[in-house]
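# Fold and geometry: a report
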Amino acid sequence: MRFIIIYLTTSFGVISADEKCFRAAVYEGPGISDGLECANQEISKNLEVFEYVAKEASTNKAQIIVYPEYGLLPREDRTKTERYGEIITDKIGTVNPCNKPEEFAKQQIQLRLSCAAKKNHIFIVAHLAEVEYCDSKKKSSDCPADGRYQYNTAIAFNSEGFIVAKYRKNHLFGESDCFDWPKKQEYSTFDTPFGRIGLLICFDSLFKQPAFGLINEKQVTTLAMPTWWINEYPFLVAHQFQQSFAIAQNINYLAANGNDKSLATTGSGIYNGIRGAAIYKYKSKAQVGTLLISTISVNASDISASCEQNSRDIPIEIQKTSSKSSSALSPSGDEYHLYYNNLDKLNKIKLNERTGEVNICKDKVCCQLSYSTNDATFKRKNSYFVGVGHGIRVMQQGHWCEEMCLVYAFNETNNAFALSDSTEFDRIKLSGTFTAETIYPSLVSDDLKLVPTCQWNYKPSDNKCLIESTSKIKLISASLYGRCFQRDPPLHRLAQT
């Protein structure tokens with residue numbers, strides 16, 4: 001396997017020794033498929049990528065790296081998933097696979113990641129399929145009929161190679177055909193020289209737990225999240241929601257997504273609380289991995305911390321030597337699929353004047369918009385609407401309560417969201433009154449670029465909140481997305497296989 005490394009920055013500054021700052025990395029990589037006859041061979045080839053990326057991250061002074069969900073195994077049925085699974089010890093903090101290679105000879109993922117962490121002196125968070133065997137013949141047992149539990153699990157290694165945490169995903173996203181739900185909600189943390197880290201996986205982030213328990217009870221300073229996030233506009237595009245979450249909770253957020261354009265899967269980043277994205281990536285080149293590195297404050301709430309980011313965006317082009325494995329990469333091409341939220345549920349008003357104020361409600365959720373636009377760009381190609389909505393989202397993968405205020409560009413000719421040719425707003429202020437506990441704010445510009453947080457403010461206050469520009473901005477959407485956790489339907493757990 002060969003790797004072509006292309007550096008997008010020309011120099012690397014010296015990292016401050018200030019203990020208020022730390023250097024983090026996330027890797028967004030192409031998805032793999034079940035294309036090889038031997039699962040171990042497929043795992044090994046992808047571990048080569050992970051090992052190389054860990055070395056690159058360490059060379060660039062990163063202290064922790066997060067890898068994506070499904071980076072080492074395909075999304076397959078229960079039987080095939082077992083081929084990629086490994087037993088993980090419950091003796092957290094005392095087991096170092098790299099120090100016991102013979103004992104871990106049949107658990108190559110843990111062995112090689114442990115050694116990558118130790119060799120490169122870096123903390124590693126990765127995703128794997130965990131297998132726990134049980135006796136299904138016992139009358140009192142809830143053991144699945146096939147004699148094993150299978151969990152979607154995040155695992156963490158410290159810089160010496162010890163397993164310091166594992167976390168089993170509680171909110172499966174259409175994965176019950178291959179994974180079991182854990183018996184209870186888990187809260188998994190590990191301590192580092194740069195703060196306490198909490199683990200969650202993908203769909204978990206849309207729900208109150210484990211994130212709120214990790215932040216408020218476990219006192220974590222950073223969340224690390226492997227994810228295989230499927231993008232949905234205008235509220236739940238990966239990098240958009242990642243930044244919204246970091247701002248709303250004022251927490252550091254390290255999110256590593258997969259890269260599969262056919263599944264609308266892309267978008268990763270390193271976020272520093274209310275400061276927003278230190279670095280993020282959306283639409284990596286197909287068949288190319290991306291290593292993102294940046295320096296952020298240990299505590300996002302520490303306004304005295306001044307960290308020189310020295311961000312790096314390093315594409316890693318993966319060229320596999322075996323023709324059998326070429327299908328393991330995402331399809332080529334530059335177009336990414338994107339899902340869209342159903343606007344039919346919104347009450348909406350079209351903006352017909354270049355400046356004005358709008359008030360709009362739906363039941364107890366109300367939105368207020370005050371705005372002024374550039375004459376030359378207003379409605380040049382797209383129309384703009386303000387909308388309000390609420391309700392229970394019903395999907396096969398899960399149900400949840402949501403409320404929203406939204407300003408968005410719309411191409412009426414194509415009857416579709418407009419993602420480019422935005423209007424320049426001289427000023428915009430969007431506020432809302434919600435019943436939701438938590439509101440996630442975002443402003444998005446052309447081609448789904450995040451509007452830098454230095455150009456707008458977010459002000460939450462009880463059940464009211466607002467976003468307001470501080471300079472002229474080009475905008476395709478501004479949104480306040482509320483999660484009314486208190487009205488979420490009970491978590492629906494299908495019967496175990």
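What counts as what
Residues numbered from 1 in each chain as written. Predicted model: local features only at pLDDT ≥ 70, side-chain atom pairs only at ≥ 80, totals over all residues. Heavy atoms only, no water. UniProt positions renumbered as here; feature names shortened; annotations may be inferred. Helix = DSSP H or I, 4+ residues; strand = E, 2+ residues; numbered from the N terminus. Buried < 20%, exposed > 50% of the residue type's maximum accessible area, 1.4 Å probe, protein only. Contact = heavy atoms within 4.5 Å. Areas by Shrake-Rupley, 256 points an atom, 1.4 Å probe, with all protein chains shown as cover. Axes fitted to C-alpha atoms, helices over the stretch in contact; angles between N-to-C directions. Parallel < 35°, antiparallel > 145°, perpendicular 65-115°, else oblique. Left-handed = near helix turned anticlockwise from the far one by under 90°. Nonpolar A, V, L, I, M, F, W, Y, C, P; charged D, E, K, R; others polar. Salt bridge = Lys/Arg side-chain N within 4 Å of Asp/Glu carboxyl O. Pairing = 2+ DSSP bridges. Core = buried A, V, L, I, M, F, W, Y, C linked by side-chain atoms within 4.5 Å. Domains from an automatic or database assignment. Phe/Tyr/Trp six-rings, centres within 6.5 Å; stacked < 30°, edge-to-face > 60°. Lys NZ or Arg CZ within 6 Å of the ring centre and 35° of its normal.

An unreviewed UniProt entry lists the chain under the name Pantetheinase-like isoform X1, with Leptotrombidium deliense given as the organism. What UniProt records for the chain under Sequence similarities (unreviewed entry) is the sentence "Belongs to the carbon-nitrogen hydrolase superfamily. BTD/VNN family."

Helix and strand content of the chain: 5 helices and 30 strands. A burial count over the chain gives 59% of its 497 residues as buried. A separation of at least 24 residues holds for 74% of the contacts in the chain among residues at least 6 apart in sequence. Carbon and sulfur atoms make up 48% of the accessible area of the chain, which totals about 20,200 Å².

The geometry of helix H1 (residues 39-59) relative to helix H3 (residues 108-120) is characterised by a closest axis approach of 10 Å and an angle of 15° between their N-to-C directions. In terms of orientation, H1 lies roughly parallel with respect to H3. Two packed elements cross with a definite hand, and for H1 against H3 that hand is right-handed. Residues Asn40, Ile43, Ser44, Leu47, Glu48, Phe50, Glu51, Ala54, Lys55 and Ser58 of H1 touch H3, and the partners they reach there are Gln108, Ile109, Arg112, Leu113, Ala116 and Asn120. Residue composition of the contact of H1 with H3, grouped by class: 7 nonpolar, 5 polar and 4 charged.

All right, on to the pattern of salt bridges then. All told, the structure shown has 24 salt bridges when counted by the stated rule. The partner of Glu130 in a salt bridge is Lys166, with the nearest N and O atoms 2.7 Å apart. Residue Glu130 is found in strand E4 (residues 123-133), and its partner Lys166 is found in strand E6 (residues 163-168); the two are separated by 36 residues along the sequence. The two residues Glu130 and Lys166 agree in class, both being buried.

One open sheet holds the 6 strands; their spatial order is E7-E8-E9-E11-E13-E14, and the pairing between them is mixed. At either end of the open sheet lies a strand with only one pairing partner, and these are strand E7 (189-192) and strand E14 (277-281). Between one strand and the next, the sheet's axes are offset by a mean angle of 15°, whatever the strand orientation. Taken strand by strand, helix H5 (residues 238-249) contacts strand E9 (222-226), strand E11 (252-256), strand E13 (268-272) and E14, and its axis lies near 15° from that of E13.

Here the residue pair Gln209 and Pro210 is connected by a cis peptide bond, since its omega of 15° sits within 30 degrees of zero. By the element assignment, Pro210 lies in the loop between strand E8 (195-199) and helix H4 (211-216). With an omega of 15°, the peptide bond between Tyr233 and Pro234 qualifies as cis. With respect to the secondary-structure elements, Pro234 resides in the loop between strand E10 (232-233) and H5. At Ala264, a position not held by glycine, the phi torsion is positive, near 60°.

As a further point, take the environment of Cys361. With respect to the helices, strands and loops of the structure, Cys361 is situated in strand E19 (residues 355-362). By relative accessible area, Cys361 is classed as partly exposed at 41%. With 15 residues separating them in the primary sequence, Cys361 and Leu346 have C-alpha atoms 9.8 Å apart. Excluding its chain neighbours within four sequence positions, the residues that come into contact with Cys361 are Asn347, Cys366 and Val388.

This paragraph deals with the nonpolar core. For soluble globular proteins, nonpolar side chains are generally found buried alongside one another. Membership of the largest hydrophobic core comes to 102 residues, with the highest contact counts inside it found for Ile64, Phe190 and Leu223. When residues of this core are assigned to their parent elements, the largest contribution, 9 residues, is made by strand E22 (residues 398-411). A domain-level breakdown of this core finds at least three residues from each of domain 1 (21-321) and domain 2 (341-487). Contacts of Phe190, omitting those with residues within four sequence positions, involve Ile64, Phe123, Val125, Ala156, Val164, Ala165, Gly195, Arg196, Ile197 and Leu199. Tyr27, Phe157, Cys178 and Leu291 belong to the second largest nonpolar core, which has 40 residues in total.

Our next topic: the packing of aromatic side chains. All told, the structure shown has 29 aromatic pairs when counted by the stated rule. Between Phe203 and Phe207 the ring centres are 5.0 Å apart and the planes differ by 90°, which places this aromatic pair in the edge-to-face class. Take Phe203 and Phe207: they sit in the same class, and that class is buried. The lysine or arginine in question, Lys183, covers the ring of Tyr149, its NZ or CZ lying 4.0 Å from the ring centre.

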